[in-house]
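# Breakdown of the fold
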Amino acid sequence: ALEMQKKIESEKIDITLPGRKPELGNAHPLNLVRQELEDLFIGLGYQVIEGDDIVDDEYCFERANIPKDHPARDMQDSLYIDPNRLLRTHTTAIQMVVLEESAPNLPIKVVCPGKVYRRDDDDATHSHQFTQIEGLVVDTDVTMADLKGTLLELARQMFGQDREIRLRPSFFPFTEPSVEVDVTCSKCGGCGCNICKGTGWIEILGAGMVHPNVLRNCGIDPEVYSGFAFGMGVE
């Protein structure tokens, strides 16, 4: 009996000891930036829509007004699984599905984040897999002024309230007119430094007014509705 008592004493568990807390990791920097962008646009009334990584050629290119002879259709740039399906090269593929599904129930106001894949050599500024977030607004009387105001708010929320933006003419198959968007350098404030290569500006995204062909391809009348779209790399 004495030995049994000793055994019980030596083997008992002290339930007053605090439990061992498992060590938790931190959120990945890309996820933090993506969440910050999503929260910003949710605050502006946007809906966050995600889509499939594997998409039909139709939604990745055809609906986005990218013809078959466009360089982006070249097998060197895209990772095809079969002749009709590929790993999406841009999150525009999600937007094309949203346009088609929402055509009977406009307006549209969405942001589409996700990974994209390209047949690229990895270096300091390129990767075969990276993250994009694209925005799309379609309604009556949407103008370039609405786009500029939205992008200015984005720049100031992400980079500081004293930031300014500029829009430079560009070309994308799915928008017309198209613009590249720059923000004043956060290090020098626009004076010119080594980060902005002396220009005072850093390019952050591409944008433009949704091409009438894109609206038409998805069953939306471009004579009645207009819209803007923008896309940026989260990295």
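Note that the coordinates shown come from a computational prediction; the quantities given were computed from them, not determined experimentally.

This part is about the sheet that holds strand β8 (residues 175-184). In spatial order, the strands read β1-β5-β6-β10-β9-β8-β7; together these 7 strands make up an open sheet with mixed pairing. The sheet is open, and its two edges are formed by β1 (47-48) and β7 (165-172), each paired on a single side. Pairing analysis gives 4 bridges linking strand β9 (residues 201-210) to strand β10 (residues 226-233), with the strands arranged antiparallel. Note that in β10 the partner of Gly206 across the bridge is Gly231. Here helix α5 (residues 144-159) sits on the sheet in contact with β7, β8, β9 and β10, set at roughly 30° to β10.

Applying the stated criterion across every chain, the model contains 0 disulfides. Considering cysteine sulfurs only, Cys218 is the nearest to Cys112, which forms no disulfide, with 12 Å between them. On the accessibility criterion, Cys112 (0% relative accessible area) is buried.

Our next topic: the side chain of Thr131. Along the chain, Thr131 turns up in strand β6 (residues 129-139). Residue Thr131 is classed as buried on the basis of its relative accessible area, which comes to 11%. Setting aside its immediate chain neighbours within four residues, Thr131 contacts Leu30, Gly114, Lys115, Met232, Gly233, Val234 and Glu235.

Reading guide: rules and limits
- Residues numbered from 1 in each chain as written.
- Predicted model: local features only at pLDDT ≥ 70, side-chain atom pairs only at ≥ 80, totals over all residues.
- Heavy atoms only, no water.
- Pairing = 2+ DSSP bridges.
- Helix = DSSP H or I, 4+ residues; strand = E, 2+ residues; numbered from the N terminus.
- Contact = heavy atoms within 4.5 Å.
- Axes fitted to C-alpha atoms, helices over the stretch in contact; angles between N-to-C directions.
- Disulfide = S-S within 2.5 Å.
- Buried < 20%, exposed > 50% of the residue type's maximum accessible area, 1.4 Å probe, protein only.

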